[in-house]
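Topology and contacts: notes
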Amino acid sequence: MRRILFLAALLLFPLSARSQTIGFAQVGAESDWRTAFSASMKQEAARRGLHLLFADAGNDVGRQRQEVRGFIAKHVDAIIIAPVVVDGWSDVLKEAKEAAIPVFIADRAVRADPSLYVARIAASSTLEGRLAAAWLAQATNGKCDVVELEGTAGSEPALQRHSGFLAVAALFPDIRIIRAGNGNFTTEGGRSVMTRLMSETNNLAGVCAVLAHNDNMLLGAIGVMQAAGVHPGRDIITVSFDGLPNIYRAMLAGEATMSVEVKSDTAPYIYDVVQRYLKGERSFPKWIVIPSALHTRADAAAMLERHGS
Ligand code: GYE
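Anyway, here's the lowdown on the structure attached to this text. (Residues numbered from 1 in each chain as written. Predicted model: local features only at pLDDT ≥ 70, side-chain atom pairs only at ≥ 80, totals over all residues.)

So, the nonpolar core
The biggest cluster of nonpolar side chains holds 86 residues, and the ones touching the most others in it are I79, I80, F104 and A209. If you tally residues by element for this core, the top one is helix α8 (residues 215–227), at six residues. Formed jointly, this core draws a minimum of three residues from each of two domains, domain 1 (16–123 + 264–291) and domain 2 (125–263 + 296–306). (Core = buried A, V, L, I, M, F, W, Y, C linked by C-beta atoms within 7 Å. Buried ≥ 20, exposed ≤ 12 C-beta atoms within 10 Å, placed from the backbone. Helix = DSSP H or I, 4+ residues; strand = E, 2+ residues; numbered from the N terminus. Domains from an automatic or database assignment.)

Here is the structure:
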């Protein structure tokens, strides 16, 4: 009898009282944005009493797929993936589905059958690119030769910021991307690609703006421009994405012009969806969009304050 009571108690023990184990497959640590996002995911997991398995893929999608397979083998309660690149996910997502482990996509997108994951919680890189082009068109009366610093090849923000920008820029025949190069979303990558682009354009002769797919690449590029006697923020308009403290500092120093802020403290939105799912809720929009907003020097000081720095 005692034994039966014990078993019954075990069965009735509410699932929510058990610590949930969540596997999070993170891209890497390539940028300030990424570091801030990782911190948000770790802090919020601790606050909610979630057991977080955190895997840093070092920007390598092969390694990231293996890490997700490791989570499946451990029978975690849920998996969150911030995918390095959009392609190559279908098999792993099917394996998670077969193991009945729900998958949530955070930040970057995947190109896979949407029925293979519960929902994506992320900002719209397309909208960010459009906003950047609309702002630039207005700032330059629709006339601007642009040099573009691209993020990781095949990653959703690099693809969509580029195509979103082009979609609006195409409405202005005198806005053109005249050169582009890949800086992998890192400060060092921004430095090296800018060094090459400077020599190809005779130190940006005739160039009106630098469009960087993230703040870190732009911060690297700013140093290179300055060393060559070009003054970003004055001679050259700068447009970037992320909106983290270092870019607002550069704006206040007159070295950067505009950044589209991409929220990085998004863990509460993400875990809300995951935990609601684990409690039994089943109807979620496929894409829960986190809004992005544009900032210039006019509100750089206020933004720094908001970041507490
Ligand atoms: O803009 C960049 C990072 O996926 C939104 O990845 C993210 C991007 C972010 O490396 O700094």
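From this point, things continue past the structure.
Considering helix α10 (residues 267–278)
The terminal C-alpha atoms of α10, which comprises twelve residues, lie 16 Å apart, in line with the 16 Å expected from a rise of 1.5 Å per residue. Looking only at α10, the buried set comprises A267, I270, Y271, V273 and V274. The buried residues of α10 all sit within an arc of 155 degrees when viewed along its axis, so they share a single face. Tucked inside the fold, the buried residues of α10 contact β1 (21–26), α2 (32–48), β3 (78–81), β4 (103–106), β5 (119–123) and β11 (287–290). Where α10 ends, the next residue or the one after it, G280, has phi of about 120 degrees, a positive value. (Expected span 1.5 Å × (residues − 1). Arc of directions from axis to C-beta. Contact = placed C-beta atoms within 7 Å.)

Quick look at the sheet that holds strand β9 (residues 237–242)
One open sheet accounts for six strands, arranged β7-β6-β8-β9-β10-β12; its pairing is mixed. Every interior strand has two partners, whereas the edge strands, β7 (174–182) and β12 (293–296), have only one. For this sheet, the mean inter-axis angle between neighbouring strands, taken without regard to orientation, is 20 degrees. In terms of strand pairing, strand β10 (residues 258–261) meets β12 through four bridges, oriented antiparallel. Of the residues in β12, the one forming a bridge with E261 is A293. In the packing of helix α5 (residues 125–139) onto the sheet, contacts are made with β6 (143–150), β7, β8 (209–212), β9, β10 and β12, and the angle to β9 comes to roughly 160 degrees. (Pairing = 2+ DSSP bridges. Axes fitted to C-alpha atoms, helices over the stretch in contact; angles between N-to-C directions.)

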